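Coordinate analysis (summary)
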Amino acid sequence: MTSATPKNQPLSGNAMPRFGGIASMLRLPLANSPEGLDAAFIGVPLDIGTSHRPGARFGPRQIRAESALIRPYNMATGAAPFDTLQVADLGDVPINTYSLQKSLPIITGFYQQVLNADCIPLTLGGDHTIALPILRAIAARHGPVALVHVDAHADVNDDMFGERIAHGTPFRRAVEENLLACDKVFQIGLRGTGYASDDFDWPRAQGFTIVQAHEVWYQSLAPTMARVRERIGNTPCYLSFDIDGIDPAFAGGTGTPEIGGLTVPQALEIIRGCHGLNIVGGDLVEIAPPYDLSGNTALLGANLLYEMLCVLPGVKRR
Ligand code: MN
Ligand code: MN
């Protein structure tokens, strides 16, 4: 696509009421193929890796519904993603909701097709298990990637209930499978109680940088993100955002909430601070609509996915 070709645009709230029409992500056109797309939103309605409160299987639909209020231009950063990128909603990955083992290759295969078309995937989760099959496809294309991981939890358990695939293990498996450039992995927002006092020692021993929530309470994350950009440089970078990184006061609609979390402005600073990185994909996971009675958590998630779109390579700022 040349920049002269008209790009897909979100359906305007002045052309169809925001509460009308089909609930695609950001009211973008639906697409059956990634061919010709620069970026795409993809839902992965999987929550059978959840350890506590299920419900993230309903995340993609609720995020799409709440995204109806979002407008094309980013008034804070000036980003105009739809001026230069061809973006669409590719719908949901047809996972096998009875089998985590069978769902993983289904997800990896879907993302390989997307990446082969040079389309950057932005994912609506789903629980955090899905980061592993997505990273398998990402690393097959780009090699071991840098990672900006926002979460209350490190998700580096060796197993959960004896299972090696679960929403608390994806980054342990990703290290073992050499999917990550470990010295360029940042885990931000970690907190809460642990199974052992040395729970964060394993990721640190791999070279990860951990920024616990309490270390940045009341603080801007802009200086942290300057360090992140300096360390990651031009290495292909994946952004994995677990909504439970944000305090449950703002994002209580999730399966494993932890008190004392990041604020919404800090979340915006993290994603906006990724501007200039070579972002090759991103996800927003763990929104559980059954616990999100106001829709606020899904509204936040939809906006954070929009912010991810705004920092993709090739987006111009007005
Ligand atoms: Mn997580
Ligand atoms: Mn978490």
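The preceding data block contains the structure.
Residues numbered from 1 in each chain as written. Chains lettered and ligands numbered in written order. Predicted model: local features only at pLDDT ≥ 70, side-chain atom pairs only at ≥ 80, totals over all residues. Heavy atoms only, no water.

**Let's talk about the layout of surface pockets**
Using a probe with the size of a water molecule, rolled over the atoms, empty space left in the structure can be pinpointed. Formally: In this analysis the probe radius is 1.4 Å and the grid spacing 1 Å, with only protein atoms considered; a cavity is a set of points the probe fits into but cannot get out of, a pocket is an open set with protein on both sides within 12 Å along at least five of seven lines, and lining residues have an atom within 4 Å of a point. Grid points are joined across faces, edges and corners, and a volume is the space filled by probe spheres set on the points. Only Asp, Glu, Lys and Arg are considered charged, only Ala, Val, Leu, Ile, Met, Phe, Trp, Tyr, Cys and Pro nonpolar, and every remaining residue, Gly among them, polar.
Each pocket or cavity is described by its volume, and for the largest pocket that value is around 620 Å³. If you trace the largest pocket, you find 30 residues lining it, with His 153, Asn 157, Thr 193, Tyr 195 and Asp 199 closest to the centre. Taken together, the residues of the lining of the largest pocket sort by class into 7 nonpolar, 11 polar and 12 charged. Lining the second largest pocket are 17 residues, and of these Ile 70, Arg 272, Asn 303, Tyr 306 and Glu 307 sit closest to its centre.

**Some words on the coordination of the manganese ion (ligand 2)**
The cut-off we apply is this: Here a donor is any nitrogen, oxygen or sulfur atom (N, O, S) within 2.8 Å of the metal, with 3.2 Å used for Na, K and Ca; water is not among the atoms considered, so some sites may look incomplete.
Distances from the manganese ion (ligand 2) to its protein donors, namely Asp 151 (OD), His 153 (ND1), Asp 242 (OD), Asp 244 (OD) and Asp 244 (OD), fall within the range 2.1 to 2.5 Å. Spacing between the donor residues of the manganese ion (ligand 2) along the chain follows D-x1-H-x88-D-x1-D. Taken as a pair, the manganese ion (ligand 2) and the manganese ion (ligand 1) show a spacing of 3.2 Å, with Asp 151 coordinating each metal.

**Section: the coordination of the manganese ion (ligand 1)**
Six octahedral donors around a metal ideally subtend angles of 90 or 180 degrees, whereas four tetrahedral donors ideally subtend 109.5 degrees. On the protein side, the manganese ion (ligand 1) has His 128 (ND1), Asp 151 (OD), Asp 155 (OD) and Asp 242 (OD) as donor atoms, found 2.1 to 2.2 Å from it. Here the donor residues for the manganese ion (ligand 1) map to a single chain with the spacing H-x22-D-x3-D-x86-D.

**Some words on helix H1 (residues 59-66)**
One turn of an α-helix holds 3.6 residues; hence residues three or four places apart share an orientation. What counts here: Residue burial is assigned from relative accessible area. The probe radius is 1.4 Å, only protein chains are included, and a residue is buried under 20% of its type maximum, exposed over 50%, and partly exposed in between. Secondary structure elements follow DSSP: runs of H or I no shorter than four residues count as helices, runs of E no shorter than two count as strands, and numbering proceeds from the N terminus. Relevant arc is that of directions from the helix axis to the C-beta atoms, nothing else. Contacts are residue-level and defined by heavy atoms, with any inter-residue pair within 4.5 Å sufficient.
Burial in H1 covers these residues: Gly 59, Pro 60, Ile 63 and Arg 64. The arc that holds every buried residue of H1, seen down its axis, measures 130°, which confines them to one face. Looking at the buried side of H1, the elements it contacts are strand E1 (39-44), strand E2 (87-92), strand E3 (120-125) and helix H9 (296-310).

**Examining helix H3 (residues 100-116)**
Short version of the rule: What a helix should span is 1.5 Å times the count of its residues minus one. Polar contacts, as used here, are pairs of N or O atoms within 3.5 Å; protein pairs need one atom able to donate a hydrogen and one able to accept it. Residues neighboring in sequence count only if both atoms are side-chain atoms.
For H3, spanning 17 residues, the distance from its first C-alpha to its last is 24 Å, which sits close to the expected 24 Å at 1.5 Å a residue. Taken together, the buried positions of H3 are occupied by Leu 100, Ser 103, Leu 104, Ile 107, Thr 108, Tyr 111, Val 114 and Leu 115. With its buried residues spanning 135° around the axis, H3 presents them on a single face. In H3, the exposed residues that point more than 90 degrees away from the buried face are Lys 102, Pro 105, Gln 113 and Asn 116. The elements touched by buried residues of H3 are E1, E2, E3, helix H4 (131-142) and strand E8 (279-285). One side-chain oxygen at the N-terminal end of H3 lies 3.5 Å from the backbone nitrogen of Gln 101; it belongs to Ser 99. Where H3 terminates, the next one or two residues include Asp 118, which has phi positive at roughly 60°.

**Quick word on the pattern of salt bridges**
Rules: One speaks of a salt bridge when a side-chain nitrogen belonging to Lys or Arg is within 4 Å of a carboxyl oxygen belonging to Asp or Glu.
Within the structure shown, the criterion is met by 14 salt bridges. Arg 272 serves as the salt-bridge partner of Glu 307, at 2.9 Å between the closest nitrogen and oxygen. In this pair, Glu 307 is assigned in helix H9 and Arg 272 in helix H8 (residues 264-272), connecting sequence segments 35 residues apart. Here Glu 307 falls in the buried class, since its relative accessible area comes to 7%. Since its relative accessible area comes to 27%, Arg 272 is described here as partly exposed. Through salt bridges that share partners, Asp 158, Arg 164, Arg 172, Arg 173 and Glu 176 make up one connected network.

**Here we look at the environment of Asp 38**
Along the chain, the position of Asp 38 falls in the segment before E1. Taking the relative accessible area as the measure of exposure, Asp 38 reaches 26% and is therefore partly exposed. Each C-alpha atom of the pair Asp 38 and Ala 117 lies 8.5 Å from the other, and the pair is 79 residues apart in sequence. Beyond its immediate sequence surroundings of up to four residues, Asp 38 is in contact with Thr 84, Leu 85, Gln 86, Asp 118, Cys 119 and Ile 120.

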